[in-house]
Amino acid sequence: MAAITCFIRYELDPFQREAFRTYAQNWARIIPRLGGRLLGYWLPWEGSNDEAWGLVGFDSLADYEAYRARLKADPEARANFEFAQAQRFIRREQRSFCEDVCP
């Protein structure tokens, strides 16, 4: 079975980069504990200043779905989601799933 990567594109408030950095650093602790393989989070360096990305790997879509259920039940994960909602630094979030071609 091929591994998959959840590619997350964020549209950010460019004046709240540091809030997004905190959010991403929180996920760096949470994601591996709950079963995801964090490949990284990226903030824009040059060019567009309102787009960031996160990549998380899974062995299968079923593993991703189980991970999402664990996220919803985890107090630290819920607190990070609530932090993002309260601070409103994420304007839009899109998820795409990619199959690993050369794992």
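See the structure printed just above.
Residues numbered from 1 in each chain as written. Predicted model: local features only at pLDDT ≥ 70, side-chain atom pairs only at ≥ 80, totals over all residues. Heavy atoms only, no water.

Peer 1: I'm lost on the nonpolar core in this one. Help?
Peer 2: Across soluble globular proteins, nonpolar side chains have a tendency to be buried as a group. By size, the foremost hydrophobic cluster in this structure holds 25 residues, and its most contacted members are Tyr-10, Phe-20, Tyr-23, Trp-27 and Ile-90. Contributing elements (two or more residues each) for this core: strand S1 (4-12), helix H1 (17-33), strand S3 (51-58), helix H2 (61-73) and helix H3 (75-87). Tallying contributions element by element places H1 first for this core, with seven residues. Among residues more than four places away in sequence, those in contact with Phe-20 are Tyr-10, Leu-12, Tyr-41, Trp-42, Leu-43, Ala-52, Phe-89 and Ile-90. (Core = buried A, V, L, I, M, F, W, Y, C linked by side-chain atoms within 4.5 Å. Buried < 20%, exposed > 50% of the residue type's maximum accessible area, 1.4 Å probe, protein only. Helix = DSSP H or I, 4+ residues; strand = E, 2+ residues; numbered from the N terminus. Contact = heavy atoms within 4.5 Å.)

Peer 1: Can you help me understand the pattern of salt bridges in this one?
Peer 2: Charged atoms that come close allow side chains of opposite charge to pair. Counted according to the given criterion, the structure contains seven salt bridges. Two residues, Arg-9 and Glu-51, come together in a salt bridge whose shortest N-O distance is 3.0 Å. One end of the pair, Arg-9, is in strand S1; the other, Glu-51, is in strand S3, and 42 residues separate them in sequence. Between Asp-74 and Arg-33 there is a salt bridge, with its nearest N and O atoms 2.8 Å apart. Of this pair, Asp-74 sits in the loop between H2 and H3 while Arg-33 sits in helix H1, and the two are 41 residues apart along the sequence. Given a relative accessible area of 10%, Asp-74 falls into the buried group. Beyond isolated ion pairs, a larger network of salt bridges with shared partners links Arg-29, Arg-33, Asp-74 and Glu-76. (Salt bridge = Lys/Arg side-chain N within 4 Å of Asp/Glu carboxyl O.)

Peer 1: Would you mind showing me how to read unusual backbone geometry here?
Peer 2: Phi is positive for Arg-88, close to 60°, though the residue is something other than glycine. With respect to the helices and strands, the residue Arg-88 is situated in the loop between H3 and strand S4 (90-99). Residue class for Arg-88 comes out exposed when judged on its relative accessible area of 65%.

Peer 1: Can you help me understand the pairing of S1 in this one?
Peer 2: If a strand is regular, its side chains alternate between the two faces of the sheet. Alignment of S1 against S3, held across eight bridges, turns out to be antiparallel. Bridge pairing in S3 places Glu-11 opposite Glu-51. Two elements, S1 and S4, share nine bridges in a ladder whose sense is antiparallel. When the bridges of S4 are listed, Cys-6 appears paired with Phe-97. (Pairing = 2+ DSSP bridges.)

Peer 1: Even after reading the chapter, I still don't get the packing of H2 against H3, so can you show me in this structure?
Peer 2: Each packed pair of helices is defined by two parameters, the angle between the axes and the distance between the axes. With their axes 5 Å apart at the nearest point, H2 and H3 run at an angle of 80° to one another. In terms of axis orientation, H2 runs roughly perpendicular to H3. In this structure, H2 contributes Arg-68, Leu-71, Lys-72 and Ala-73 to the contact, and H3 contributes Pro-75, Ala-77, Arg-78 and Phe-81. Residues belonging to the contact of H2 with H3 are distributed by class as follows: five nonpolar, no polar and three charged. (Axes fitted to C-alpha atoms, helices over the stretch in contact; angles between N-to-C directions. Parallel < 35°, antiparallel > 145°, perpendicular 65-115°, else oblique. Nonpolar A, V, L, I, M, F, W, Y, C, P; charged D, E, K, R; others polar.)

Peer 1: Is there a simple way to explain the environment of Trp-42 in this structure?
Peer 2: Residue placement: Trp-42 occurs in strand S2 (residues 37-42). Residue classification places Trp-42 among the partly exposed residues on the basis of a relative accessible area of 39%. Between the C-alpha atom of Trp-42 and that of Ala-52, which follows or precedes it by 10 residues, the distance is 5.5 Å. Apart from residues no more than four positions distant in its own chain, Trp-42 is found in contact with Phe-20, Ala-52, Trp-53 and Leu-55.

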